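Structural description and commentary
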Amino acid sequence: MSVGEGAAPYGETPTRHTLTVGKRGTLVLPAEVRRRLGLDEGALVLAEEAEGGLLLRRAEAVPIEIYTPERIAEFLLSSAIGPEDYADAAREVRGMGLDPEKILHYKPRGVA
């Protein structure tokens, strides 16, 4: 959802809903609001304290890659820009306990 999406058009009064805070701090959004914003059970919502209140927005979780030592070695070796730089990267990879020749990577020009 982009900024302003779901908000009232300019000059119109925004839709307001009264919510009740449950024992454990839960808020229940009306079904109409959940449907309009595409909030299914388990959806993530970002809550920001704003001047005079609380702003709720749809949130997205983006998966991250956890880099293994082999993946880090691939980055180091593949980003070398010349033979000297490649030699430094290979030395660093060996220092990680890995064999540079067993890591799938691109070699810069001038490196056999």
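First, a word on scope: everything that follows refers to the structure included in this document. (Residues numbered from 1 in each chain as written. Predicted model: local features only at pLDDT ≥ 70, side-chain atom pairs only at ≥ 80, totals over all residues. Heavy atoms only, no water.)

A separate point is the overall build of the chain. Counting secondary structure elements, the chain contains three helices and two strands. Listed by position from the N terminus, the elements making up the chain come as α-β-β-α-α. Taken across its 112 residues, the chain has 14% of its residues classed as buried. Across the chain, every contact between residues at least 6 apart in sequence was considered, and the portion connecting residues at least 24 apart equals 31%. Of the roughly 9,500 Å² that the chain leaves accessible, carbon and sulfur atoms contribute 54%. (Helix = DSSP H or I, 4+ residues; strand = E, 2+ residues; numbered from the N terminus. Buried < 20%, exposed > 50% of the residue type's maximum accessible area, 1.4 Å probe, protein only. Contact = heavy atoms within 4.5 Å. Areas by Shrake-Rupley, 256 points an atom, 1.4 Å probe, with all protein chains shown as cover.)

In total, this model carries one aromatic pair according to the counting rule given. With centroids separated by 5.1 Å and ring planes inclined at 90°, the aromatic side chains of Tyr67 and Phe75 adopt a geometry described as edge-to-face. (Phe/Tyr/Trp six-rings, centres within 6.5 Å; stacked < 30°, edge-to-face > 60°.)

Another aspect to go through is the environment of Val28. Turning to its location among the elements, Val28 is positioned in the segment before helix 1 (31–37). Once the C-alpha coordinates of Val28 and Thr18 are considered, the two residues, 10 residues apart in sequence, prove to be 9.7 Å apart. Beyond its immediate stretch of four places on either side in the chain, Val28 contacts Leu19, Thr20 and Arg34.

Before going further, it helps to examine the packing of helix 2 (residues 69–78) against helix 3 (residues 83–95). When two helices pack together, their arrangement is given by the angle between the helix axes and by the axis-to-axis distance. The interhelical angle for the contact between helix 2 and helix 3, taken along N-to-C directions, is 165°, at an axis separation of 8 Å. Overall, the two elements helix 2 and helix 3 adopt an arrangement that is roughly antiparallel. Considering only the axes of helix 2 and helix 3, their crossing is right-handed. Of helix 3, the residues touching helix 2 (which contributes Ala73, Leu76 and Leu77) are Tyr86, Ala89, Ala90, Glu92 and Val93. A breakdown of the residues in the contact of helix 2 with helix 3 according to their chemical character gives seven nonpolar, no polar and one charged. (Axes fitted to C-alpha atoms, helices over the stretch in contact; angles between N-to-C directions. Parallel < 35°, antiparallel > 145°, perpendicular 65-115°, else oblique. Left-handed = near helix turned anticlockwise from the far one by under 90°. Nonpolar A, V, L, I, M, F, W, Y, C, P; charged D, E, K, R; others polar.)

So, on to the pairing of strand 1 (residues 45–50). Two elements, strand 1 and strand 2 (residues 53–58), share six bridges in a ladder whose sense is antiparallel. Across the sheet, the residue bridging to Ala47 is Leu56, located in strand 2. Connecting strand 1 to the next strand, strand 2, in antiparallel fashion are two residues, including Gly52 with a positive phi near 80°. (Pairing = 2+ DSSP bridges.)

Applying the stated rule across the entire model yields seven salt bridges. Between Glu60 and Arg58 there is a salt bridge, with the nearest N and O atoms lying 3.7 Å from each other. The residue Arg71 makes a salt bridge to Glu74 at a minimum N-O spacing of 3.0 Å. In this pair, Arg71 and Glu74 are both assigned in helix 2, three residues apart and thus about one turn of the helix distant. (Salt bridge = Lys/Arg side-chain N within 4 Å of Asp/Glu carboxyl O.)

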